[in-house]
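So you can see what is in the structure, the chains are spelled out below.
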Amino acid sequence: MVKGKSTKPLLEAEYTALAEFRYQLRRFLRHMEEEVRQFGVNPQQYQLLLAVRGLPHQSEPTISCLAERMQLNHNSMVELVDRCEERGLLRRIRSGTDRRRVTLSITTEGEALLRKLGSAARQELSSIGPQLVESVLRLTHVSRRKTGPEKGKRRSTAVKKKRR
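Residues numbered from 1 in each chain as written. Predicted model: local features only at pLDDT ≥ 70, side-chain atom pairs only at ≥ 80, totals over all residues. Heavy atoms only, no water.

Caption draft 1: Layout of the overall build of the protein chain. Scanning the protein chain for helices and strands turns up 5 helices and 2 strands. The linear arrangement of helices and strands in the protein chain, starting from the amino end, is α-α-α-α-β-β-α. Within the protein chain, residue pairs in contact and separated by at least 24 positions form 55% of the contacts whose partners lie at least 6 positions apart. In the structure as shown, the protein chain presents an accessible area of about 11700 Å², 52% of it carried by carbon and sulfur atoms. (Helix = DSSP H or I, 4+ residues; strand = E, 2+ residues; numbered from the N terminus. Contact = heavy atoms within 4.5 Å. Areas by Shrake-Rupley, 256 points an atom, 1.4 Å probe, with all protein chains shown as cover.)

Now the structure itself:
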């Protein structure tokens, strides 16, 4: 639970939108897991490659940074990097000034895999993306409509009373 936020229950339409969002998201993830396995790669290995490739430019592809991005603990990330390195998908690059500092780089083989799977992801998203976006919009707009105008009305009424 988020501190300081109200815990008022969801509206029926919000539950529907949330369930639809989860369904569409899981559908996409499952499709991609199946695509990845066709290339003999574990889905987490693909996710790591994608996390490295899609990392914001101001971030460095360190194990700590990527563990945060993938929501894994440090030891699990080290093991995942080891497996990717063994498969020839990633390589570790040690800093010349601080040998403890290690960044990750995608190999040519890893880049080729990402290109193939990126195309599959784009194709699947073109299919289910509109439903995914619609469910998010319904969920966020239902919440805003319920709270937004009511608050505005209360404020305008309070302002009118003060002016009189």
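Back to the text.
Caption draft 2: Examining the layout of surface pockets more closely. There is about 260 Å³ of room inside the largest pocket. Looking at the largest pocket, it is lined by 15 residues, and the ones nearest its centre are Phe28, Leu29, Tyr46, Gln47 and Leu50. Elements supplying a minimum of two residues to the lining of the largest pocket: α1 (12-38), α2 (43-53) and α3 (63-70). Here the residues of the lining of the largest pocket are counted per class, giving 11 nonpolar, 2 polar and 2 charged. (1 Å grid on protein atoms, 1.4 Å probe; cavity = no way out; pocket = protein on both sides within 12 Å on 5 of 7 lines; lining within 4 Å. Points joined across faces, edges and corners; volume = space filled by probe spheres on them. Nonpolar A, V, L, I, M, F, W, Y, C, P; charged D, E, K, R; others polar.)

Caption draft 3: Representation of α1 within the structure. With 27 residues, α1 should cover 39 Å at 1.5 Å per step; its first-to-last C-alpha distance of 39 Å lies within 8% of that length. Gly40 occupies a position one or two residues after α1 and carries a positive phi of about 75 degrees. (Expected span 1.5 Å × (residues − 1).)

Caption draft 4: Here's a closer look at the confidence of the model for the protein chain. Averaged over all residues, the pLDDT of the protein chain equals 85, while 82% of them reach at least 70. Overall, residues 148-164 carries pLDDT values under 50, and its contacts beyond four positions in sequence, including any with other chains, amount to 1 contact. (pLDDT = per-residue confidence, 0-100.)

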